[in-house]
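Fold and geometry: a report
Residue strings, one per chain:
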Amino acid sequence: MDAAAIIVPHLPWVIGAGLAIGAAGVFGWIHTTRLKIKHGYPLEGMWGQSLKPGTGEEAKQRISLLTQENAELRAELGAVKDRLVNVERIVTDGGYALGSEIDALRERALEDRTDKGNA
């Protein structure tokens, strides 16, 4: 048997698979472009250049709001870190552990003193 007799019957399947893969690629490209537009991401060309630069007044206002929010969140994160350092210092301090042990002994002593209800 020659190679042409083996390949020719399967040629429609090979062509169909190629077309299906190509169509899936085009559909994927269209879908990702649609999602970029929907969520406000800038579109890029083949070499990464910006096709629609967002330098309008709305984009500038959005950037300033995001910058302000970023600064506020960074300040809040700094405050949370400071508080966490204080809590860690309190918990790892030897006096805190000693105080916890004393409280546990007091509770145990109170449990022993309470009336068990046995008359």
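Structural notes, computed from the coordinates. This structure is a prediction, so every number in the text was calculated from the model and none was measured. Position numbers for residues start from 1 in each chain and track the written sequence from start to end. The predicted nature of this model means local features are confined to residues of pLDDT at least 70 and side-chain atom pairs, given and counted, to a pLDDT of 80 or more, with totals for whole chains, interfaces and linings taken over all residues. Hydrogens and water are ignored here; the side-chain numbers use all heavy atoms of the structure.

What to know about the overall build of the chain
To be explicit about the condition: In DSSP terms, a helix is any run of H or I states spanning at least four residues, a strand is any run of E spanning at least two, and both are numbered starting from the N terminus. Burial classes: relative accessible area under 20% of the type maximum marks a residue as buried, over 50% as exposed, and values in between as partly exposed (1.4 Å probe, protein chains only). Shrake-Rupley sampling with a 1.4 Å probe provides the accessible areas, and residues are treated as covered by the protein chains on show and by no other component.
Along the backbone of the chain there are four helices and zero strands. The order of helices and strands in the chain, counted from the N terminus, is α-α-α-α. Considering the chain as a whole, with its 119 residues, one finds that 0% of them fall into the buried category. Carbon and sulfur atoms make up 64% of the accessible area of the chain, which totals about 11100 Å².

Observations concerning the pattern of salt bridges
Rule in force here: What makes a salt bridge here is a side-chain nitrogen of Lys or Arg within 4 Å of a carboxyl oxygen of Asp or Glu, nothing more.
In the structure shown here, the tally under the stated rule is one salt bridge. Across the pair Arg 106 and Asp 103 runs a salt bridge, and its minimum N-O distance is 3.7 Å. Of this pair, Arg 106 and Asp 103 both sit in helix α4 (residues 94–113), three residues apart, roughly one helical turn. Residue class for Arg 106 comes out exposed when judged on its relative accessible area of 55%.

Things to note about the environment of Asp 2
The following threshold applies: In protein, a polar contact requires one atom able to donate a hydrogen and another able to accept it; more generally it is a pair of N or O atoms within 3.5 Å, and residues adjacent in sequence count only if both atoms are side-chain atoms.
Summarising the element assignment, Asp 2 is placed in the segment before α1 (3–7). The exposure class assigned to Asp 2 is partly exposed, which follows from its relative accessible area of 47%. A polar atom in the side chain of Asp 2 sits 3.0 Å from the backbone nitrogen of Ala 5.

Examining a nonpolar patch on the surface
Applicable threshold: By definition, no residue in a patch forms a salt bridge, and every one has over 30% relative accessible area; like charges are joined within 9 Å, nonpolar side chains (Val, Leu, Ile, Met, Phe, Trp, Tyr) within 5 Å.
Taken together, the side chains of Ile 6, Ile 7, Leu 11, Val 14, Ile 15 and Leu 19 present a nonpolar region at the surface, about 590 Å² in accessible area. Considering every element that reaches the nonpolar patch, the biggest residue donor is helix α2 (residues 11–38), with four residues. Position of Val 14 relative to the elements: it lies in helix α2. The class of Val 14 is exposed, set by a relative accessible area of 56%.

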